[in-house]
Amino acid sequence: MDFFLDTGIISEIEQAAKWGFVDGVTTNPSLIAQTGRSQKDVITDICKIIDGPISAEVISTEREAMIKEGAALAELHDNVVIKLPLTEDGISACKWFSDNDIRTNVTLCFSANQALLAAKNGATYISPFLGRLDDVGQDGMQLIHEIRAIYDNYGFTTQVLAASIRHSIHVKDCALAGADVATMPLKVMKQLFKHPLTDIGLNQFLADHAKSNK
Ligand code: G3P
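Counting starts from 1 at the beginning of each chain's written sequence and moves along it residue by residue. Since the coordinates come from a predicted model, pLDDT governs what is reported: local features require at least 70, and pairs of side-chain atoms require 80 or more to be given and counted, while whole-chain, interface and lining totals use all residues. Side-chain measures were taken over the full set of non-hydrogen atoms in the model, leaving aside hydrogen atoms and water.

Caption draft 1: Structural context of unusual backbone geometry. Positive phi, close to 60°, is recorded for D101, a residue that is not glycine. Strands here mean DSSP runs of E at least two residues long; helices mean DSSP runs of H or I at least four residues long; both are numbered from the N terminus. Mapped onto the elements of the fold, D101 is located in the loop between α5 (88-99) and β5 (104-109). Backbone geometry at S164 places phi at a positive 55°, although glycine is not the residue there. Structurally, the position occupied by S164 is in the loop between β7 (159-162) and α9 (168-177).

Caption draft 2: Structural view of the site of the ligand. Proximity criterion: a residue is near a molecule or strand once any of its heavy atoms comes within 4 Å of it. Surveying the vicinity of the ligand reveals the residues D6, N28, K83, F129, R132, A163, S164 and R166. Here the accessible surface of atoms and residues is derived via Shrake-Rupley with a 1.4 Å probe, and residues count as covered only by protein chains that are part of the display. Coverage of the ligand by the protein chains reaches 81% of its 310 Å² of free accessible surface. Here the residues of the shell around the ligand are counted per class, giving 2 nonpolar, 2 polar and 4 charged. Polar here means any residue other than Ala, Val, Leu, Ile, Met, Phe, Trp, Tyr, Cys and Pro, which are nonpolar, and Asp, Glu, Lys and Arg, which are charged; Gly is therefore polar.

Caption draft 3: Just the packing of aromatic side chains, in detail. Centre distance within 6.5 Å is the pairing criterion for rings of Phe, Tyr and Trp, where only the six-membered ring of Trp is used; planes under 30 degrees apart are then read as stacked, over 60 as edge-to-face, and the remainder as tilted. Applying the stated criterion to the full structure yields 9 aromatic pairs. For the ring pair W19 and F21, a centre distance of 5.9 Å and an interplane angle of 20° mean the geometry is stacked. Exposure is judged per residue with a 1.4 Å probe applied to protein chains only, and the accessible area is read against the type maximum: over 50% gives exposed, under 20% gives buried, and values in between give partly exposed. Judged by relative accessible area, F21 falls into the partly exposed class, the value being 28%. Summarising the aromatic geometry, the rings of Y154 and F156 are spaced 6.2 Å apart at their centres and angled 50° between planes, so their arrangement reads as tilted. On the basis of relative accessible area, Y154 is assigned to the exposed category, the value being 63%. Following the ring pairs from residue to residue traces out a cluster consisting of F3, W19, F21 and F193.

Caption draft 4: Expanded view of the pattern of salt bridges. When a carboxyl oxygen of Asp or Glu is within 4 Å of a side-chain nitrogen of Lys or Arg, the pair counts as a salt bridge. This structure, assessed with the given rule, holds 9 salt bridges. In this structure, R148 engages D152 in a salt bridge whose closest nitrogen and oxygen atoms are separated by 3.2 Å. With R148 and D152 both in helix α8 (residues 140-154) and 4 residues apart, this pair spans about one turn of that helix. Among the salt bridges present, the one from D208 reaches K211, with a minimum N-O distance of 3.5 Å. One end of the pair is D208 and the other is K211, both in helix α11 (residues 196-212) and 3 residues apart, which spans about a single turn.

Caption draft 5: How the structure looks around the side chain of N105. The residue N105 is located in strand β5 in this model. Contacts described as polar in this section are N or O atom pairs within 3.5 Å, which, within protein, must combine one atom able to donate a hydrogen with one able to accept it, while residues neighboring in sequence count only if both atoms come from side chains. In terms of polar contacts, N105 uses its side chain to reach the side chain of S55, at 3.1 Å. Setting aside residues up to four positions removed in sequence, N105 forms contacts with T26, S55, V81, I82, K83, L84, Y125, I126, S127 and L161. Any two residues whose heavy atoms approach within 4.5 Å at even a single point are treated as in contact.

Caption draft 6: View of the sheet that holds strand β6 (residues 125-128). A barrel is described by the order of its strands in space; here 8 strands give the closed sequence β1-β2-β3-β4-β5-β6-β7-β8, paired in parallel fashion. Neighbouring strand axes in the sheet, compared pairwise and without regard to direction, differ in orientation by 30° on average. Criterion used throughout: strands pair if DSSP finds at least two bridges between them. Both strand β3 (residues 54-57) and strand β4 (residues 80-85) contribute to a ladder of 4 bridges, which runs parallel. Across the sheet, I54 pairs through a bridge with V80, a residue of β4. To obtain each axis, a line is fitted to C-alpha atoms, and for helices this fit is confined to the stretch in contact; angles are then taken between N-to-C directions over 0 to 180 degrees.

Caption draft 7: Up close: the nonpolar core. The term nonpolar core refers to a set of buried residues drawn from Ala, Val, Leu, Ile, Met, Phe, Trp, Tyr and Cys, joined through side-chain atoms within 4.5 Å. In this structure, I126 and I165 are the most contacted members of the largest nonpolar core, which totals 55 residues. No other element matches α8, which puts 5 residues into this core. When near neighbours in sequence (up to four residues on either side) are disregarded, I126 contacts L86, N105, V106, C109, A115, A118, I147, Y151, T158, Q159, V160 and L161. Counting residues in each nonpolar core, the second largest holds 7 residues, with F4, V81, L161 and V181 among its members.

And the structure:
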């Protein structure tokens with residue numbers, strides 16, 4: 001299972017990169033806006049830190065404009081993955097990128113049928129939004145299970161990239177459901193390390209070592 005960091009903040013990416021298990025980065029227009037910098041500058045900087053898939057989202061909403069914008073983003077670095085919204089134009093543009101060997105991440109997926117369309121058009125990644133489904137009283141994790149089962153039924157190679165992850169239980173449940181990737185904010189990645197018994201145990205070990213080495 002790959003772990004992606006969901007942020008455009010360079011200091012967060014530098015911090016997580018030191019842990020050694022970050023495989024890629026996802027961004028979206030809201031995350032880029034939080035940085036106060038241009039998308040081009042942010043993506044270029046991320047590519048210098050993480051050698052893995054870096055998702056950059058188009059803001060165009062019409063197929064031809066998406067293709068033009070996405071093709072320019074793909075020129076920034078070989079690791080850039082073009083993020084497209086799950087609309088008629090986005091799915092159509094996805095097919096163009098697939099046919100031109102440019103990797104895609106189809107985003108804003110909230111149903112298994114939407115995920116099926118992305119896979120049929122050769123998306124590299126599909127991004128179902130767990131947390132936002134949970135927010136409206138639907139079962140986000142159920143969607144991950146459904147997409148996994150459908151992709152496995154037909155041998156689709158599109159990777160299930162669980163997004164809108166809000167806490168560490170989401171990460172564990174995604175792993176159990178067979179998601180290929182989980183993208184998460186730094187806060188959630190930090191939660192994965194934590195268990196109170198680890199802290200208590202380490203403090204005890206250090207205290208005992210200090211007593212025996214007086
Ligand atoms: O990048 C897409 C996704 O991870 C957004 O998450 O928390 O804004 O629903 P969130």
